[in-house]
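# Structure assessment
Here's the letter readout for the chains.
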Amino acid sequence: MTTGAARDDRGVHGPAVPRHDRAQDTEHGQDQDDLDAPWPRGISRQATMRISDVLRALGQEFPSVSHSKLRFLEEQGLIEPVRTPSGYRQYSQADVERLRFVLTEQRDSYMPLKVIKERLAAMDADPDSAEHPAPRLAGAAAPARRRWTAQSVADAAGVTEEFVQDLARAGLLPSSGSTFGSSAVDVARIAGALAEFGIEPRHLRSFRTSADRQVALVDQVVAPLRSQQASAARGRAASMASDIGELFTRLHAAWVRQGIDDLG
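What counts, and where the lines are drawn
Residues numbered from 1 in each chain as written. Predicted model: local features only at pLDDT ≥ 70, side-chain atom pairs only at ≥ 80, totals over all residues. Heavy atoms only, no water. Helix = DSSP H or I, 4+ residues; strand = E, 2+ residues; numbered from the N terminus. Buried < 20%, exposed > 50% of the residue type's maximum accessible area, 1.4 Å probe, protein only. Contact = heavy atoms within 4.5 Å. Areas by Shrake-Rupley, 256 points an atom, 1.4 Å probe, with all protein chains shown as cover. Expected span 1.5 Å × (residues − 1). Arc of directions from axis to C-beta. Salt bridge = Lys/Arg side-chain N within 4 Å of Asp/Glu carboxyl O. Axes fitted to C-alpha atoms, helices over the stretch in contact; angles between N-to-C directions. Parallel < 35°, antiparallel > 145°, perpendicular 65-115°, else oblique. Nonpolar A, V, L, I, M, F, W, Y, C, P; charged D, E, K, R; others polar. pLDDT = per-residue confidence, 0-100.

### A closer look at the overall build of the protein chain
Looking only at helices and strands, the protein chain features ten helices and eight strands. Looking at the protein chain as a whole, 35% of its 264 residues qualify as buried. For the protein chain, the share of sequence-separated contacts (at least 6 apart) that also reach a separation of at least 24 residues comes to 59%. If you sum the accessible surface of the protein chain, you get close to 16000 Å²; carbon and sulfur atoms cover 53% of it.

### What about helix H5 (residues 113–125)?
Count 3.6 residues to each turn of an α-helix, and residues three or four apart come out pointing the same way. Given a rise of 1.5 Å per residue, 13 residues ought to cover 18 Å, and the 18 Å separating the end C-alpha atoms of H5 matches this to within 8%. Of all the positions in H5, only Leu113, Ile116, Leu120 and Met123 are classed as buried. End-on, the buried residues of H5 take up no more than an arc of 75 degrees, which puts them together on one face. Exposed residues pointing more than 90 degrees away from the buried face of H5 are listed as Lys114 and Ala125.

### Description of the pattern of salt bridges
Summed over all chains, the structure comprises 13 salt bridges. A salt bridge links Glu97 to Arg100; the shortest N-O distance between them is 3.6 Å. Of the two residues, Glu97 and Arg100 are both situated in helix H4 (residues 93–109); the distance of three residues between them amounts to about one turn of the helix. The residues Glu97 and Arg100 share a single accessibility class, namely buried. Put simply, Arg202 and Glu200 hold a salt bridge, and the shortest N to O gap is 2.9 Å. Owing to a relative accessible area of 37%, Glu200 belongs among the partly exposed residues under this scheme. Connected through salt bridges with shared partners, the residues Arg50, Asp53 and Arg56 form a single ionic network.

### Some details on the packing of helix H3 (residues 67–75) against helix H10 (residues 231–263)
The interhelical angle for the contact between H3 and H10, taken along N-to-C directions, is 85 degrees, at an axis separation of 7 Å. Overall, the two elements H3 and H10 adopt an arrangement that is roughly perpendicular. Of the residues in H10, those in contact with Ser68, Lys69, Arg71, Phe72 and Glu75 of H3 are Ser231, Ala232, Arg234, Gly235, Arg236, Ala238 and Ser239. The class makeup of the residues in the contact of H3 with H10 is three nonpolar, four polar and five charged.

### Details of unusual backbone geometry
Of note, the bond from Trp39 into Pro40 is cis; its omega dihedral lies within 30 degrees of zero at 0 degrees. Within the secondary structure, Pro40 is located in the loop between helix H1 (32–36) and helix H2 (51–59).

### A word on the confidence of the model for the protein chain
Looking at the protein chain as a whole, the pLDDT averages 78, with 79% of positions reaching at least 70. Mean pLDDT across the elements of the protein chain ranges from a minimum in strand S1 (residues 6–7), with 40, to a maximum in helix H7 (residues 161–169), with 92. Counting interchain partners and residues more than four positions distant, the pLDDT-below-50 stretch residues 1–32 has 59 contacts. Per-residue pLDDT stays below 50 along residues 138–145; that stretch engages in 13 contacts with residues further than four places along the chain or on separate chains.

### Notes on the environment of Ser182
Here Ser182 shows up in the loop between strand S8 (179–180) and helix H8 (183–195). The spacing of Ser182 and Trp148 is 34 residues in sequence and 6.8 Å in space, taken between C-alpha atoms.

### Structural notes on the environment of Ala94
Tracing the chain through its elements places Ala94 in helix H4. Residue classification places Ala94 among the buried positions, given a relative accessible area of 0%. Once residues within four sequence positions are removed from consideration, Ala94 is found in contact with Pro40, Ile43, Ser44 and Arg45.

### What about helix H6 (residues 150–157)?
Listed as buried for H6 are Ala150, Ser152, Val153, Ala154 and Ala157. Elements that come into contact with the buried residues of H6 comprise H7, S8 and H8. With its phi angle positive at about 75 degrees, Gly158 sits one or two positions after the end of H6.

And the structure:
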């Protein structure tokens, strides 16, 4: 293995050290690395992106992603950036796709990192399975972050602007000045469905209060880690907060289901 600049199949030099020696399959004219590559295939594995480039690529979709988060995911074996001779991390577009998958599973499914790691291992074992999510173009420019107004939230959620304003006045929507966070759409959509049963925004204030208390409890648990200077500790704090939040969600759902069953 060389320690200088890497050369890709087109003869272009890159700043990163290749992760493995590239063995050539002379019979088929394919690199052995391509044949053995983990998920996702068909995405460049040339490590040319700095950590700041990765944060820029993912930041629009995942605003809370940070240096410490990426380093923690690396420690957990979910991503393996290469190192330059001077020790800097370098990422490929394929690395960014794996990171996007991990962050999406955490955000949308509240999936613990252990489960995500197991799923990635299964995807690596059979990278071409049609059951796997299709990778996105890691190198494509991220769309500009949308500014959600009351009207745009209403349009996306299928409710009226007046209903959105009612939710805002009840303190149920995340907001910043005259605009709202992207999660406002989900809140408005769910609240709109509940309104069809006669459950109004004012009835939901206790739910929001309960959620705020749960968040405060999570903050209390992870605060000692988050206050540390080590980036790995802050990354562990973010992951722990996500896992605890998922457990709270499951516990609440279990109690509601049990209560509904008791009604019958």
